Amino acid sequence: MPGLAYLNGRFLALEDATVSIEDRGFQFGDGVYEVIRVYRGAPFRLHDHFLRFERSARAIALPCPLSAAEWETAIRDGIARSQCGEGKVYVQLTRGAAPREHLFPSATRPTLVMTFREMAGPDASQRRGVGAVTLPDLRWARCSIKSLNLLPNLLARQAANEAGAFEAILVRDGVVTEGAASNVCLVNDGGLVTPSLNDQLLAGVTRAVVLDLAGQLGIAVDERAVREEELPRADEIFLIGTTIEVLPVVRLNGAPVGAGTPGAVTRAIAEAFRRCVLSETGRA
Ligand code: PDD
């Protein structure tokens, strides 16, 4: 399937979708985004993504140009037109095109773009566990906003990759915040421990699903500040996110996590997540 794009209300081929070089998203990263997973044609937790999108936009004083119903209709329409089966939708809203000045332009139409692309979930090897490294969290103080400014995340992911790892687990002042593109969860004595929500991390849609599922499975959840030194002592660690779902971390900074294989609690959560996707989308 060739990718499909949406640009300010119109669907068009990906290669035909272009925006001005004066778009503030391009020049300043002045915008917000969402990534939504599609399971055989059905978007997962679409409304939750809308709520966070609107919250992010409001936090940077950027009115969302579409209502929840319009936003969700556009996404479902794009999925149908693109015949996207297993895929992902990228949605980006910027403050629009204007001559480059730091102050907000007074009368500029925001730019709303979407892309619809095929993607497979984590491969079999990743599901058996990935490596992570800890790195300093060099991002700004409002990481709860899903802003376009991802440079520190990109640098951290790249550094992790060059160290032979999949993800960078970010640490600020000795406290774990999240992964460069994921939330982080530890397992100790059969219960989950995960950083509590604050301005330093993203309120992950997948994180919320996982914590609900843990409750349903009778697994205790402790949301609190997690210190860096707790990581190497954890029984299990896993990463959570839209595109990676639930991924066991089996090596941290080159050392095995627990037994060095996916732990029982992580496996139970990953399995519950697959069942949840199946029940909500009719497929998995
Ligand atoms: N990112 N934290 C960060 C910094 C992220 O970038 C992401 C996901 C998450 C997980 O959030 P969610 O469960 O809502 O996807 C946490 C997306 C997938 C991305 O940037 O591609």
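See the structure shown above.
All figures in this text were calculated on a predicted structure; none of them were measured in a lab. (Residues numbered from 1 in each chain as written. Predicted model: local features only at pLDDT ≥ 70, side-chain atom pairs only at ≥ 80, totals over all residues. Heavy atoms only, no water.)

Brief notes about the nonpolar core
Part 1 of the reasoning: Trp71, Ile75 and Val91 are the most contacted members of the largest nonpolar core, which totals 26 residues.
Part 2 of the reasoning: Listing elements by their share of this core, those giving two or more residues are β1 (4–7), β3 (31–39), α2 (46–59), α3 (68–82), β5 (87–94) and β6 (111–118).
Part 3 of the reasoning: Excluding residues within four positions of it along the chain, Ile75 makes contact with Ile36, Leu46, Val89, Val91, Met114 and Phe116.
Part 4 of the reasoning: Membership of the second largest hydrophobic core comes to 20 residues, among which are Tyr39, Leu192, Ile219 and Val277. (Core = buried A, V, L, I, M, F, W, Y, C linked by side-chain atoms within 4.5 Å. Buried < 20%, exposed > 50% of the residue type's maximum accessible area, 1.4 Å probe, protein only. Helix = DSSP H or I, 4+ residues; strand = E, 2+ residues; numbered from the N terminus. Contact = heavy atoms within 4.5 Å.)

Section: the site of the ligand
Part 1 of the reasoning: Around the ligand, the structure places 19 residues, and the nearest of them are Tyr33, Arg52, Glu178, Thr206 and Thr242.
Part 2 of the reasoning: A distance of 2.8 Å is found between an oxygen atom of the ligand and a backbone nitrogen or oxygen belonging to Val205.
Part 3 of the reasoning: A distance of 2.5 Å separates an oxygen atom of the ligand from a polar atom in the side chain of Thr242.
Part 4 of the reasoning: Computed on the free molecule, the ligand has an accessible area of 470 Å², of which 89% lies beneath the protein chains in the complex.
Part 5 of the reasoning: Grouping the constituent residues of the shell around the ligand by class yields 7 nonpolar, 8 polar and 4 charged.
Part 6 of the reasoning: Of the domains in this structure, domain 1 (4–118) and domain 2 (124–281) are the two that each give at least three residues to the shell around the ligand. (Near = heavy atom within 4 Å. Polar contact = N/O pair within 3.5 Å; in protein donor to acceptor, adjacent residues only side chain to side chain. Areas by Shrake-Rupley, 256 points an atom, 1.4 Å probe, with all protein chains shown as cover. Nonpolar A, V, L, I, M, F, W, Y, C, P; charged D, E, K, R; others polar. Domains from an automatic or database assignment.)

What is shown is where atoms sit, not what they do.
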